[in-house]
Amino acid sequence: MNGDVLRNEFRTDWDRLESMSDEEIDYSDIPPLSDDFFARADLRIPAQQTQNWVELDPDVAGWFRKRSREYKKRINSVLREHMMAKMR
């Protein structure tokens, strides 16, 4: 079976989920998080990534945001492609 078919079959319907109230969402398959869980939790941020604030024009940010939930990754990808093209 094609990998794209599998990905599309199990896509989350984010619009439907976002329109639901907290009471309507079924959390029964998620175990409660205890104080012990948080005491043992460890925040890990990949060392190679840094958080930078880049000012984008609203229309540019909106264009990327409309096309992908992971628009920040896409912006990074576009910038990387541009960088690589300039290095050639």
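As shown above, the structure is provided for reference.
Thresholds applied
- Residues numbered from 1 in each chain as written.
- Predicted model: local features only at pLDDT ≥ 70, side-chain atom pairs only at ≥ 80, totals over all residues.
- Heavy atoms only, no water.
- 1 Å grid on protein atoms, 1.4 Å probe; cavity = no way out; pocket = protein on both sides within 12 Å on 5 of 7 lines; lining within 4 Å.
- Points joined across faces, edges and corners; volume = space filled by probe spheres on them.
- Helix = DSSP H or I, 4+ residues; strand = E, 2+ residues; numbered from the N terminus.
- Nonpolar A, V, L, I, M, F, W, Y, C, P; charged D, E, K, R; others polar.
- Contact = heavy atoms within 4.5 Å.
- Buried < 20%, exposed > 50% of the residue type's maximum accessible area, 1.4 Å probe, protein only.
- Arc of directions from axis to C-beta.
- Phe/Tyr/Trp six-rings, centres within 6.5 Å; stacked < 30°, edge-to-face > 60°.
- Patch = residues over 30% accessible without salt bridge, like charges linked within 9 Å, V, L, I, M, F, W, Y side chains within 5 Å.
- Areas by Shrake-Rupley, 256 points an atom, 1.4 Å probe, with all protein chains shown as cover.
- Salt bridge = Lys/Arg side-chain N within 4 Å of Asp/Glu carboxyl O.

Trainee: What exactly am I supposed to notice about the layout of surface pockets here?
Mentor: Here the idea is plain: a probe the size of a water molecule rolls over the atoms and shows the empty space left. Roughly 940 Å³ of volume is contained in the largest pocket. In terms of lining residues, the largest pocket is bounded by 18 residues, among which Thr-50, Gln-51, Asn-52, Lys-72 and Asn-76 are the most central. At the level of secondary structure, the elements contributing two or more residues to the lining of the largest pocket comprise α4 (58-67) and α5 (71-87). In terms of residue count, the dominant contributor to the lining of the largest pocket is α5 (7 residues). Within the lining of the largest pocket, the residues separate by chemical class into 8 nonpolar, 6 polar and 4 charged.

Trainee: Sorry if this is basic, but what is going on with the environment of Leu-17 here?
Mentor: Residue position: Leu-17 is located in helix α2 (residues 14-19). Setting aside chain neighbours within four positions, we find Leu-17 in contact with Thr-12 and Ile-25.

Trainee: When you look at α4 in this model, what are you seeing that I'm missing?
Mentor: Residues spaced three or four apart along an α-helix face the same direction, because each turn holds 3.6 residues. Residues Ala-61, Gly-62 and Phe-64 constitute the buried set of α4. The arc that holds the buried residues of α4, viewed along the axis, is 165°, so those residues lie on one side. Seen from the open side of α4, the exposed residues pointing more than 90 degrees away from its buried face are Asp-59, Lys-66 and Arg-67.

Trainee: Looking at this structure, how should I read the packing of aromatic side chains?
Mentor: The relation between two aromatic rings is expressed through the spacing of the ring centres and the mutual angle of the planes. Counted under the stated rule, the structure contains 2 aromatic pairs. Ring geometry for Phe-37 and Phe-38: centres 5.1 Å apart, planes at 85°, overall edge-to-face. The class of Phe-37 is partly exposed, set by a relative accessible area of 37%. On the basis of relative accessibility, which here comes to 51%, the residue Phe-38 falls in the exposed class. When the ring of Trp-63 is compared with that of Phe-64, the centres are 5.1 Å apart and the planes differ by 85°; the resulting orientation is edge-to-face.

Trainee: Any chance you could explain a nonpolar patch on the surface here in plain terms?
Mentor: Residues Leu-33, Phe-37 and Phe-38 make up a contiguous nonpolar surface patch of about 320 Å² in total accessible area. For Leu-33, the location among the structural elements is in the loop between α2 and α3 (35-40). The exposure class assigned to Leu-33 is exposed, which follows from its relative accessible area of 54%.

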